Amino acid sequence: MSDLEKRKFPIGQFEQPENICDIKLDEYINVIKEFPGRLRNLIEDFSDDQFDTPYREGGWTVRQLVNHIADSHINSFMRLKLALTEDNPTIRPYDEAKWAELQDSRNMPIKPAMRMIKGTHQRWTTLLKTMTNKQFERTFHHPEQNKNYDLRSYLALYAWHCDHHFAHIENLKKEKGW
């Protein structure tokens, strides 16, 4: 793996587990539950200059990453709710790179995004903890990937997504000695 690939995917690319047992499911739910606090603790002492530092050459700034997480996780939560209330709904994709270039992602303080992440994860965790195994089998269709996702597999992806972006910021912090 090249240095660029290691910086892009510090914990490796997502690999879909073949079978996700209930114990693993609980671990993923715990990642969702704990993520806002872990992220807050990681970045709580950052200055504006640090928030405006890219996590790698050509990559997003920490500010853009935090706003991306808020955008992505709200979309994920909505997809979960759609799958729970509709029969294999087709979700609406979005261009995350273009969203990260919008002014609310590039220039705003991160407090609103952090509040969004905290609230989204609280609601997400509550819903996930009440779901049955049958509900975790429900699906939605992703038109860009032409793929149906079941909610158990989708949760694995978003647990990885939390750890993936956390590692981006954590590695930058270590590299810079912050």
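Residues numbered from 1 in each chain as written. Predicted model: local features only at pLDDT ≥ 70, side-chain atom pairs only at ≥ 80, totals over all residues. Heavy atoms only, no water.

**Comments concerning unusual backbone geometry**
Link 1 in the chain: For Asn 88, which is not glycine, the phi torsion reads 45° and is therefore positive.
Link 2 in the chain: A positive phi angle, close to 45°, is found at Asn 146, a residue other than glycine.
Link 3 in the chain: For Asn 146, the position within the fold is in the loop between β1 (139-142) and β2 (147-150).
Link 4 in the chain: Judged by relative accessible area, Asn 146 falls into the exposed class, the value being 62%. (Helix = DSSP H or I, 4+ residues; strand = E, 2+ residues; numbered from the N terminus. Buried < 20%, exposed > 50% of the residue type's maximum accessible area, 1.4 Å probe, protein only.)

**So, the packing of aromatic side chains**
Link 1 in the chain: Taken as a whole, this structure holds nine aromatic pairs when the rule is applied.
Link 2 in the chain: Seen in terms of ring centroids, Phe 46 and Trp 178 are 5.2 Å apart; in terms of plane orientation they differ by 80°. Their pairing is edge-to-face. In this pair, Phe 46 sits in the loop between α2 (22-43) and α3 (48-51) while Trp 178 sits in the segment after α9 (151-176), placing the two residues 132 residues apart along the sequence.
Link 3 in the chain: Accessibility expressed as a relative area gives 32% for Trp 178, which makes it partly exposed.
Link 4 in the chain: Grouped by ring-pair contacts, the aromatic residues Trp 124, Phe 140, Tyr 149, Tyr 154 and Tyr 158 constitute a single cluster. (Phe/Tyr/Trp six-rings, centres within 6.5 Å; stacked < 30°, edge-to-face > 60°.)

**Regarding the side chain of Ser 153**
Link 1 in the chain: Looking at the secondary structure, you find Ser 153 in helix α9.
Link 2 in the chain: In this structure, Ser 153 is in contact with Phe 14, Gln 16 and Ile 20, ignoring residues within four places of it in sequence. (Contact = heavy atoms within 4.5 Å.)

**Looking at the UniProt feature "domain: DinB-like" (unreviewed entry) in the chain**
Link 1 in the chain: Taken from the UniProt record, the annotation "domain: DinB-like" (unreviewed entry) applies to residues 36-169.
Link 2 in the chain: Taken end to end, residues 36-169 comprises 66% helix and 6% strand; its first and last C-alpha atoms sit 14 Å apart. (UniProt positions renumbered as here; feature names shortened; annotations may be inferred.)

**Describing the pairing of β1**
Link 1 in the chain: By the bridge criterion, four bridges tie β1 to β2 in an arrangement that is antiparallel. Within β2, the residue paired with Phe 140 across the bridge is Tyr 149.
Link 2 in the chain: Between the end of β1 and the start of β2, which pair antiparallel, lie four residues, with Asn 146 showing a positive phi angle near 45°. (Pairing = 2+ DSSP bridges.)

**Let's talk about the environment of Pro 89**
Link 1 in the chain: Tracing the backbone through its elements, the reader meets Pro 89 in the loop between α4 (62-85) and α5 (96-101).
Link 2 in the chain: Pro 89 gets classed as buried once you look at its relative accessible area, which sits at 6%.
Link 3 in the chain: With 53 residues separating them along the chain, Pro 89 and His 142 place their C-alpha atoms 8.7 Å apart.
Link 4 in the chain: In this view, Pro 89 contacts Leu 82, Ala 83, Thr 139, Phe 140 and His 141; residues no more than four positions away in its chain are not counted.

**Let's talk about the pattern of salt bridges**
Link 1 in the chain: Scanning the entire structure with this criterion turns up nine salt bridges.
Link 2 in the chain: One salt bridge connects Arg 7 with Asp 3, and the closest N-O pair in it is separated by 3.5 Å. Of the two residues, Arg 7 and Asp 3 both sit in helix α1 (residues 3-8), four residues apart, roughly one turn of that helix.
Link 3 in the chain: Given a relative accessible area of 31%, Arg 7 falls into the partly exposed group.
Link 4 in the chain: Asp 3 sits in the exposed class, given a relative accessible area of 52%.
Link 5 in the chain: Of the charged contacts in the structure, one is a salt bridge between Asp 22 and Arg 152, with a shortest N-O distance of 3.5 Å. Taken together, the residues Asp 22 in helix α2 and Arg 152 in helix α9 connect sequence positions 130 residues apart.
Link 6 in the chain: Three or more residues joined by partner-sharing salt bridges are found here, namely Asp 3, Arg 7 and Glu 175. (Salt bridge = Lys/Arg side-chain N within 4 Å of Asp/Glu carboxyl O.)

**Topic: the nonpolar core**
Link 1 in the chain: The biggest cluster of nonpolar side chains holds 47 residues, and the ones touching the most others in it are Ile 43, Val 66, Leu 128 and Ile 169.
Link 2 in the chain: Of all the secondary structure elements, the ones that give two or more residues to this core are α2, α4, α7 (111-130) and α9.
Link 3 in the chain: In terms of residue count, α9 provides more of this core than any other element does, 12 residues in total.
Link 4 in the chain: Here Val 66 is in contact with Ile 43, Ile 110, Ala 113, Met 114, Ile 117 and Ile 169, once residues within four sequence places are set aside. (Core = buried A, V, L, I, M, F, W, Y, C linked by side-chain atoms within 4.5 Å.)

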